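One-letter residues, chain by chain:
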Amino acid sequence: MGRGKIVIQRIDNCTSRQVTFSKRRKGLIKKAKELAVLCDAEVGLVIYSSTGKLYEFASNSLKSVIERYNKNKEEHQQLLNPSSEMKVWQREVTILREELQNLQENHRQFMGEQLCGLSVKELKGLENQLEMSLQGIRLTKEKILTDEIEDLNQKGNFIHQQNTELYKKVFGTSALNPGSRNGCIPFGMSTGEESHLPIQLQLSRSDQQT
């Protein structure tokens, strides 16, 4: 038989009330943890017992959850008032405008413009940022060139191997033997062990420096 339906009302017996509180508190905290993990939700839980004892749970930080709640509540109340809503948007526009001006100023400085008002320390920091950017560009360029050369080497070795096997099938192994009386050297192939050497490409010194 199934368990009977429990009436949701205050439990008069103090002991039963404390046992029920302990069980349901643990279950509620467990459900809150599962909700935070499974749904990637930010959860904050605060429980006070009848004796005034505090129990709490937060997926990240209870303080950050409360601050976020207060901020959202304040924004919601401001949006209900048209004048407050206008002030909120004006503040957002001002912040975005300042960020745009800072980005434009940084861009001009990176291009070598408007450097007169900067101190030696600021110019040194700007120089270090440019050096780090150039270093990253050089490393990326060198990696791309190295990958391309490695790919060309693999393709060249594959073509060389196919060419050798093709001439063996057409002319026989004697065609690649210089000591053979009827031997001939196919065009584009060298004699001796050089015909079996793989083709290797590498970056020149000037490419590596740039």
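Residues numbered from 1 in each chain as written. Predicted model: local features only at pLDDT ≥ 70, side-chain atom pairs only at ≥ 80, totals over all residues. Heavy atoms only, no water.

An unreviewed UniProt entry annotates the protein chain as MADS-box transcription factor 23-like originating from Rubus argutus. What UniProt records for the protein chain under Subcellular location (unreviewed entry) is the sentence "Nucleus". (UniProt positions renumbered as here; feature names shortened; annotations may be inferred.)

Take the overall build of the protein chain next. From N to C terminus, the protein chain includes 5 helices and 2 strands. Secondary structure elements of the protein chain occur, N-terminal to C-terminal, as α-β-β-α-α-α-α. Counting over 210 residues, the protein chain shows a buried share of 13%. A fraction of 28% describes how many contacts in the protein chain between residues 6 or more apart in sequence connect residues 24 or more apart. When the accessible area of the protein chain is evaluated, it comes to approximately 18000 Å², of which 55% is carbon and sulfur surface. (Helix = DSSP H or I, 4+ residues; strand = E, 2+ residues; numbered from the N terminus. Buried < 20%, exposed > 50% of the residue type's maximum accessible area, 1.4 Å probe, protein only. Contact = heavy atoms within 4.5 Å. Areas by Shrake-Rupley, 256 points an atom, 1.4 Å probe, with all protein chains shown as cover.)

Take Q109: it is sitting in helix α3 (residues 82-110). When its relative accessible area of 12% is taken as the criterion, Q109 is described as buried. Setting aside its immediate chain neighbours within four residues, Q109 contacts Q114, L115, L118 and L126.

In this section: the side chain of T164. Topologically, T164 is positioned in helix α4 (residues 120-171). Judged by relative accessible area, which is 8%, T164 ranks as buried.

Let's shift gears to the pairing of strand β2 (residues 54-58). Along β2, the buried face is formed by Y55 and F57; none of L54, E56 and A58, which line the opposite face, is buried. Turn length for the strand β1 (residues 44-48)-β2 hairpin, with the two strands adjacent in sequence and antiparallel, is 5 residues, and the turn residue G52 shows positive phi of about 90°. (Pairing = 2+ DSSP bridges.)

Quick look at the pairing of β1 now. A one-sided burial pattern is seen for β1, the buried positions being L45 and I47 and the unburied ones G44, V46 and Y48. Relative to β2, β1 is paired through 5 bridges, and the arrangement is antiparallel. When the sheet's bridge partners are listed, I47 is paired in β2 with Y55.

Of all hydrophobic cores here, the largest spans 8 residues; its members are I29, A32, A36, V43, L45, I47, Y55 and F57. Elements that contribute at least two residues to this core include exactly α1 (14-39), β1 and β2. Per-element tally for this core: the top contributor is α1, with 3 residues. When residues no more than four places from it in sequence are discounted, the contact partners of L45 are L28, I29, A32, Y55, E56, F57 and L62. (Core = buried A, V, L, I, M, F, W, Y, C linked by side-chain atoms within 4.5 Å.)

A few words on the confidence of the model for the protein chain. For the protein chain, the mean per-residue pLDDT works out to 80, and 77% of the residues sit at or above 70. Across the protein chain, β1 holds the top mean pLDDT of 94, while helix α5 (residues 205-209) sits lowest at 54. Low pLDDT, under 50, characterises residues 191-197; the predicted model gives this stretch 8 contacts beyond four residues in sequence or across chains. (pLDDT = per-residue confidence, 0-100.)

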